[in-house]
Amino acid sequence: MEQLLANKSEIDKIKPSLEAVKTDLIAMFGYPEMTVEDFYDNFIEVLDKLKEEETDLDYLLKTYQDSGLSDYMVCFMRLIVSAELQRNAEFYINFIGSKYPTIKSFLSEEVEPMYVESDHMHISGLSGCLDVKVVVQYMDRGKKVLEHKFQEGSPINVTVNLLYRPGHYDILYA
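Residues numbered from 1 in each chain as written. Predicted model: local features only at pLDDT ≥ 70, side-chain atom pairs only at ≥ 80, totals over all residues. Heavy atoms only, no water.

Engineer: Looking at this structure, how should I read the environment of D12?
Structural biologist: Along the chain, D12 turns up in helix α2 (residues 11-27). Accessibility expressed as a relative area gives 41% for D12, which makes it partly exposed. Separated by 144 residues in the primary sequence, D12 and I156 have C-alpha atoms spaced 9.9 Å apart. A polar side-chain atom of D12 sits 2.9 Å from a polar atom in the side chain of K51. (Helix = DSSP H or I, 4+ residues; strand = E, 2+ residues; numbered from the N terminus. Buried < 20%, exposed > 50% of the residue type's maximum accessible area, 1.4 Å probe, protein only. Polar contact = N/O pair within 3.5 Å; in protein donor to acceptor, adjacent residues only side chain to side chain.)

Engineer: Looking at this structure, how should I read unusual backbone geometry?
Structural biologist: Trans is the common state for peptide bonds, and a negative phi is the common state for residues other than glycine. Residue Y115 is not a glycine yet carries a positive backbone phi of 70°. Along the chain, Y115 falls in the loop between α7 (103-111) and α8 (120-130). Phi angles above zero are rare outside glycine, and Q151 is one such case at about 55°. If you trace the backbone, Q151 turns up in the loop between β2 (145-150) and β3 (159-165). On the basis of relative accessible area, Q151 is assigned to the partly exposed category, the value being 31%.

Engineer: In this structure, what is going on with the pairing of strand β1 (residues 133-139)? I would like to understand it.
Structural biologist: For a regular strand, side chains alternate in direction, first toward one face of the sheet and then toward the other. Here β1 runs beside β3; their pairing, made up of 5 bridges, is parallel. Looking at β3, one finds that V136 is bridged to L162. Here β1 pairs with β2 via 6 bridges, running antiparallel. Within the sheet, the bridge partner assigned to Y138 lies in β2 and is L146. (Pairing = 2+ DSSP bridges.)

Written out as structure tokens, the structure is:
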């Protein structure tokens, strides 16, 4: 969100993907329309506010500190990941392990619930659906910093930089 605040013109490039997610969740995957639209509308409202000239980092800080707003945003991002993994279930089923017999069971335990840690598949799903570049940096067993890049050729001028530490991701600010 901070990068979108600095690159306001990129917001409109992401919106069609968000609309498609909303439509797919309701029409293809059977999620309740009223619930999906609530999360979607909240997310779009925040994006629209970011486009306003006077919107600054203080607005984002207040949004993040308001659990009603921030939880809705996180929930919609989880739904974005869910939609992307369901759209590409044949690909993602290969990465969920034997604990989950189906993508749906994985989603209901690992993706859609709040307060469950996100991992590589969440990043892949979110960046793939929104076509946003993500760079994950991590330390090799030695002292070398390695990178894993998602959506490297994206036309959207936003890059999310993350630092991976075993079991945890931190946002890196440039």
